[in-house]
Every structure is written in structure tokens, then in C-alpha cells.
Amino acid sequence: MARPSLLRFLSLVSALICGLAVQAQAGSLDRFLNNVEFCEESPGLRALRADLNNAFPIHPDDPIINYRLAPKVLARVARRLPVPVQHATIREDSGHMLFHFEISGSYRGLPVRSLDLYNGRPGSQFYGFGVEFAAPQATVEAMFGDSIAWTRQNRPGFAMLATSTPVIVCDPLDY
């Protein structure tokens, strides 16, 4: 029969391992999305945008294209994101490119549903990003509302916390 202290120790180790497994599975986006509520692109987010811009240049004749995402492209994106991509779409429409990635992770403890990146033609100064949360609107507003309000008043560009969907939308002008 095991001694009580050994049982406690094994129980503690088991709980620690389970806790680490849950954290690893959840996938933290804290570093990757760092300061997104202030409409700042982290180095990881900026690198993903640059990689996608190189892979999908905008056509000069304003077509509407829904790109097929080959496994090679998804693998390229997966190397840049700290969490797995569950579904992705890439659409070009009238000189604008929208990259939509459904992901499962968390930012500042809130679950993230998707990440959007959008770009215009080079030189157009049109680019931005959005982070949609899988959390109640009130929770997202409580967590990020003050930061977004500060950003709107103190930074160039556009920052918004949507009222209909729990999403932070940013169109910075200082890139």
C-alpha cells in the first residue's frame, strides 16, 4: 500500500501534467497578438502579413478571386501561427486582399475564434487586421474597451471594438 505522502505527490504531479496539457492544447496567442488592442502588429503578425503578401500579390486589374488553399499554402501559414488553422479563406476583391483564418487559441485568457488580415495594393496604405473572440460581447468589451477607446483618441488610423460581434478591428496608418 502506498504511503499518503507518495499518493499526494503523485496526485500533485498528475494535476500539474493535466494542467500543462490543457494549456498546451488551448494555444496561447498572447505573444503573437501582443498589444492588438492598441492596434499594434506584433513581429509575428507582421511576418505573417509579409509572407502572405509575397505569396498572394494583388492583381492590377481588380479581379474577384477566391483562392484555393493548397496544403502547401496552409503549411506555410501554419509555420507562422502559434495555433492550428481549422479553416482558411483568401479572397481578392477590387484591389483588396482578405485573409481569414479560423483558429482555436486564447488571447489574454479569452478564447479566439478567428483572425483576419487585409491589404490593399502597395502604396495604398490600406491594411488592417481583426481578431474575433469566442466570448460574450460584454466580456470582450470589459477586457479591451478602454484600450480601444484610448487607441482611437491617441493613434492614427482606425480602431474599433464592434458592437454586434466580439471583434477588435484595426486599420493602422503608421506602418
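The structure presented is a predicted model; accordingly, all values stated were derived computationally and were not measured.

## Focus on the nonpolar core
Move 1: By size, the foremost hydrophobic cluster in this structure holds 37 residues, and its most contacted members are L33, L115 and F133.
Move 2: The biggest single contributor to this core is strand β3 (residues 96-107), with five residues.
Move 3: In contact with L115, other than residues within four places in its own chain, are F32, L33, L45, L48, L81, F99, H100, F101, I103, G130 and V131.

## Thoughts on the pairing of strand β7 (residues 167-172)
When a strand is regular, its side chains alternate between the sheet's two faces.
Move 1: Counting buried residues in β7 gives five out of six residues, a clear majority hidden from the surface.
Move 2: Across four bridges, strand β5 (residues 127-133) lies against β7 in antiparallel orientation. Bridge assignment links E132 to a residue of β7, and that residue is V167.
Move 3: Looking at chain direction, strand β6 (residues 157-161) and β7 are connected through five bridges and run antiparallel. The residue of β7 that forms the bridge with L161 is I168.

## What to know about the sheet that holds β7
Where strands meet in a sheet, backbone hydrogen bonds hold them as pairs that are either parallel or antiparallel.
Move 1: The strand order β1-β2-β3-β4-β5-β7-β6 describes an open sheet built from seven strands, whose pairing is antiparallel. The open sheet has two edge strands with one neighbour each: β1 (64-67) and β6. For this sheet, the mean angle separating the axes of adjacent strands, direction not counted, is 15°.
Move 2: Where strand β2 (residues 85-93) lies against β3, eight bridges are found, and the strand directions are antiparallel.

What counts as what
- Residues numbered from 1 in each chain as written.
- Predicted model: local features only at pLDDT ≥ 70, side-chain atom pairs only at ≥ 80, totals over all residues.
- Heavy atoms only, no water.
- Core = buried A, V, L, I, M, F, W, Y, C linked by side-chain atoms within 4.5 Å.
- Buried < 20%, exposed > 50% of the residue type's maximum accessible area, 1.4 Å probe, protein only.
- Helix = DSSP H or I, 4+ residues; strand = E, 2+ residues; numbered from the N terminus.
- Contact = heavy atoms within 4.5 Å.
- Pairing = 2+ DSSP bridges.
- Axes fitted to C-alpha atoms, helices over the stretch in contact; angles between N-to-C directions.

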